[in-house]
Amino acid sequence: MKAFYTLLAISTLMIAVACKKVINVDLNNAASEIVIEGIVTNTSTAQVRISNSVNFSNSNIFPTVSGAMVTISDNLNNNYILQETQPGIYTNNNLMGLPGHTYQLNVNTNGHIYTASSTMPYQVFMDTILTDNISFGNKYIKIVEPLYSDPANVANYYWFIETIRQTVNKKIFVWDDNLTNGGISNRPLIEPDSTINTGDTIQVEMRCIDKNIYNYVRGLEDLQNNGTTPANPNTNISGGALGYFSAQTRQIRKVKMP
Amino acid sequence: MHLYTCRTILLFSFLYLLLYPSITSAQNKTTISGIVKDKVTGELMIGASIKIEELPGTVVFTNAYGFYAISTPKGKYTLLISSIGYTNFIKSISTEKNLQLNIELSPAAITLEEVIVASRNKNEHVEKALMGVEKININEINKLPVLFGEKDVLKSIQLLPGIQSAGDGNSGFFVRGGGADQNLILLDEAPVYNASHLLGFFSTFNSDAIKDFSLYKGGMPAQYGGRLSSVVDIKMKDGNNKDYDVNGGIGLISSRLNIEGPLDKDNGSFIISGRRTYADMFLKLSPDTTIKSNKLYFYDLNLKTNYRLGKKDRLFLSGYFGRDVLGFGDTFGTDWGNTTATLRWNHLVSNRIFSNTSLIYSNYNYIIKIKSGSSNFKITSKIEDFNIKQDFDYFITNNNKIKFGGDMIEHTVSPGHIEADASSNVKSSTVQNRYSIESAFYVSDEVGVSKKIDLVYGLRCSNLSAIGPGNYYQYDNNGNTIDTLHVASGKSVASYWNLEPRISISYILTNNGSIKASYNRNVQNLHLLSNAVTTTPTDLWLPSSNNVKPEIADQVAIGYYKNSHNNKYELSVETYYKLMQHQIDYRNGADLTANDNVESELLYGKGRAYGIEFYVKKKVGKLNGWISYTLSRTERRFDSINHGNYFPARQDRTHDLSIVALYKLNKRWSLSGTWVYYTGNAVTFPSGKYQVNGQTVFMYTERNGYRMPAYHRLDLAATVENKHNSLRRYQSSWTFGLYNAYGRENAYSIAFQDDPNDPTKTQAVQTSLFKFIPSISWNFKF
């Protein structure tokens, strides 16, 4: 949080004098890597996407990986096989997650085996979404504040997805309960380049995630902030894949910006 | 290293040194001692030379407090006292018994042909054993072009070999492959923990208040310790004790005022020096109320006073207070700054033993205030030092001087404290304080072994003890807590003793050049955790503990020095090799702020740095200046980074070149220019991309495997002084500057992102900062 504010302060100072331009950087090519994004939620059926990385100079078309053996098991020894319903997308309509349960992912593609485990936390619900108009830098921006009561005596990790006029805001909002453990939180989703106007419908999805995924998403957030020593976020998948496997709760609320 | 061995070694070297003079010095010698001062201002003069004409080869230099002692057999002699920029002082003396002689030197009139006045000790850098020392003449750097016209010692030193800039317009620096935190920056002996303002663009040192500036990048004498790569020793002016003096300047972004004068003529003086920026004044002019309420400024205040208590004692009290303030309306506000205070007592134990006792306080803290919705809270953090220090200078013979002493520092580090309103949703909490005691004894001997060989050798014995109260943690290899140690108040949880040998030797060659060699071990017990390229206000100092071991560096250096054309030109070539142990890096995604388990986020590895530095300076004439070039490599190695292979450190730069020229056009106009070129920093760029959460994410394969584009820049300045009139007290000058005169767009950062115009593509975007920045400033003195 402090780091965020410091970066913000720096960037605001810089903007005063800085100039930006698109340049050509001669980047090395790297061998293509497997990317696994596995999600078990309590509101929709489980889904695993498998794709490949590409070189920087390529278009943003990421080859899908077909023909993998994908299974998810839970701690009650239920075993679910996921079928490839679209190229690179594996699903099972019988698998809806339950809070408190631990899920184990197993992926076998061309003889390579990748495994991961994630526990779905007990759900914390948003009571409402507050709105505010704050002064920020040299302007006022409209923001939303999800309001929820954080349970005491347990470590909670929250990830919020903001959708403004049906477009997902790319900015990552992720935090733990260190500042508010056992209290009410209305920590705002501050987007310095906010495009929210009066009358807009803002959708907020709240995801309760486990600690490994918190670390992973924070790693993504660090990349977004262009830190000085970028690194691949720490994945919870073993076997050498990029991506993550998360069992998470989800809840969606909407608010109309006054 | 045990305390016992450490003490024994020191004791033996000590006894040897104490006995040594009784063997060598004849009984019928007398000692002349005293202080050397500037005749106009009464400032104590550092490094003035005292020679006896009748005894060639006899030369001593004044210490940091202007004190000297020289011995002669009984007889009549001619004493010659000189210092760069001053008229030589000659006095006939008769030494029947010990003599106390205080000397005042007059500043020399500067002629057009001789811009930097030559003096008798101009060959000092060839003859003395100390190597790797850079001294800066404050008057000289005042003429160099700088960003926004703000003269700055920490920026000017970056033009010297082996000292690298931390980035465009930045006052941060790296010395011989060390990190920014491996420089010990002392202001009147007090460590300054964050030596920059406005996120690095200005240093905390107002050059109006500075008397002397030395930087040791190798061959550090044993009285200094605590950091791996360099010591920057800055001494504040004492203040004019003859007459009142007011000077100042008005610049583009800041103004300065300096007032000094006698408290009691010849016995005491004071100096007050202040500086404040006023970029925020322009914000006030904005019609927008939000912009009006933004804040952005810094200020510095330097104060010093001294008083002579009789012939043998003098007291000095100096202080520094500086602060940065930054705020966005009422949503966010932060301020940070250093406070230092030094009380010193100089005492003459005898005419050959000089003692200085110092009590030193240093504090760096920051406060962040955040108001969001109904939450109103404040985060504070600080590092605070109480330090007691005792030093003795013993002038045994003219060729042998020892320094010995010790110091003890109590460090308190408060990583973070959150204070929230009762109505706030954020809860008040505190990350526990860390306490430690850092102590050291040292002895250092400077001896002229023969006419050709000069030797400085010494030993420093240092300790750090991490103490309670507090919980200290033990971690497994993955950073998970496996045990908690509840340490009671004052109890030690880890204690590290280290011996730091320091030796430099010089040998004068027949062509009047010299060869020098040195070996140094340095130990560092305070480590700065920082995720940014340069230091930021919220960086955390972390003392050594049960998990964090002291950083250790061993450096060997060898060099060749030569002055030519009657000391008009100065040349040096130095090469060094440095090995560093227990260097610190971070796990991926490490959370370094307000984290009680921050030590679990650290990785430990090794470092090595080597290079060769060339320096040629023309010291006199209408056109003078220097060229410095460094060829170097700096690498780090960590088991879990880059498969355990050495990788270039961020500050690794193959080539680093500076050219500085000063030209005196006529009596009123002087021109200056600097050109710098260096290889871009080592950086981590992506080698691929993939998709997660429907967004493009970049893939990284190796640490610091790429280079930023090469950096180069030309700066120009012109200074015009008002007509000289020796009867008039009032003097003024205008300085015009142009930073980055040919508008090179140097890369400050390169970011990778989706192309906003074509979401199927990604692109690299370079941000550059300063291009054609003009400046104007007006300076006055009366």
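Residues numbered from 1 in each chain as written. Chains lettered and ligands numbered in written order. Predicted model: local features only at pLDDT ≥ 70, side-chain atom pairs only at ≥ 80, totals over all residues.

Caption draft 1: Summary view of the overall build of chain A. Scanning chain A for helices and strands turns up two helices and 17 strands. In terms of overall size, chain A behaves like a compact globule, its C-alpha atoms giving a radius of gyration of 20 Å where 258 residues would be expected to give roughly 18 Å. Principal-axis analysis of the C-alpha atoms places the extent of chain A at approximately 55 × 50 × 35 Å. Residue burial in chain A is summarised as follows: out of 258 residues, 36% are buried. Within chain A, residue pairs in contact and separated by at least 24 positions form 63% of the contacts whose partners lie at least 6 positions apart. (Helix = DSSP H or I, 4+ residues; strand = E, 2+ residues; numbered from the N terminus. Rg over C-alpha atoms; globule rule 2.2 N^0.38 Å. Buried ≥ 20, exposed ≤ 12 C-beta atoms within 10 Å, placed from the backbone. Contact = placed C-beta atoms within 7 Å.)

Caption draft 2: A look at the domain arrangement of chain A. Residues and elements named next belong to chain A. Once the domains are mapped, chain A shows domain 1 (34–119) and domain 2 (124–230 + 250–256). The partner domain 2 presents four residues to the five residues of domain 1 that form the contact. Residues of the side of domain 1 that touches domain 2, tallied by class, amount to no nonpolar, five polar and no charged. (Domains from an automatic or database assignment. Nonpolar A, V, L, I, M, F, W, Y, C, P; charged D, E, K, R; others polar.)

Caption draft 3: Looking closely at the sheet that holds strand 12 (residues 183–187) of chain B. Residues and elements named next belong to chain B. Taken together, five strands build an open sheet; the order of strands is 9-16-17-12-13 and the sheet is mixed. Strands with a single pairing partner mark the edges of an open sheet, and in this sheet they are strand 9 (133–136) and strand 13 (190–191). With five bridges joining them, strand 12 and strand 17 (residues 230–236) adopt parallel strand pairing. The partner of Ile185 across the bridge, within strand 17, is Val232. (Pairing = 2+ DSSP bridges.)

Caption draft 4: The arrangement of the interface of chain B and chain A in detail. Contacts between chain B and chain A engage 64 residues on the former and 67 residues on the latter. The set of elements that each furnish at least two residues to the side of chain B that touches chain A consists of helix 6 (289–292), strand 22 (313–328), strand 23 (332–348), strand 24 (353–372), strand 44 (688–692), strand 45 (695–699), strand 49 (749–755) and strand 50 (758–768) of chain B. Considered class by class, the residues forming the side of chain B that touches chain A number 28 nonpolar, 29 polar and seven charged. Sheet topology places strand 1 (residues 19–23) of chain A next to strand 50 of chain B; five bridges connect them, and they run antiparallel. Paired with A:Ile23 across the two strands is B:Ala764, which belongs to strand 50 of chain B.

Caption draft 5: Spatial organisation of the pairing of strand 25 (residues 375–397) of chain B. Residues and elements named next belong to chain B. In this sheet, strand 26 (residues 400–420) lies alongside strand 25 in antiparallel orientation, the contact comprising 19 bridges. Looking at the pairing, Lys382 lines up with Ser414 of strand 26. If you look at the hairpin formed by strand 25 and strand 26, you'll find two residues sitting between the two strands.

Caption draft 6: Spatial organisation of the nonpolar core. In this structure, B:Ile157 and B:Leu186 are the most contacted members of the largest nonpolar core, which totals 63 residues. The residue makeup of this core includes at least three contributed by each of domain 1 (126–232) and domain 2 (233–781) of chain B. Those residues in contact with B:Leu186, other than ones at most four positions away along the chain, are B:Pro191, B:Val231, B:Val232, B:Asp233 and B:Ile234. Membership of the second largest hydrophobic core comes to 52 residues, among which are A:Ala46, A:Leu105, A:Tyr157 and A:Cys208. (Core = buried A, V, L, I, M, F, W, Y, C linked by C-beta atoms within 7 Å.)

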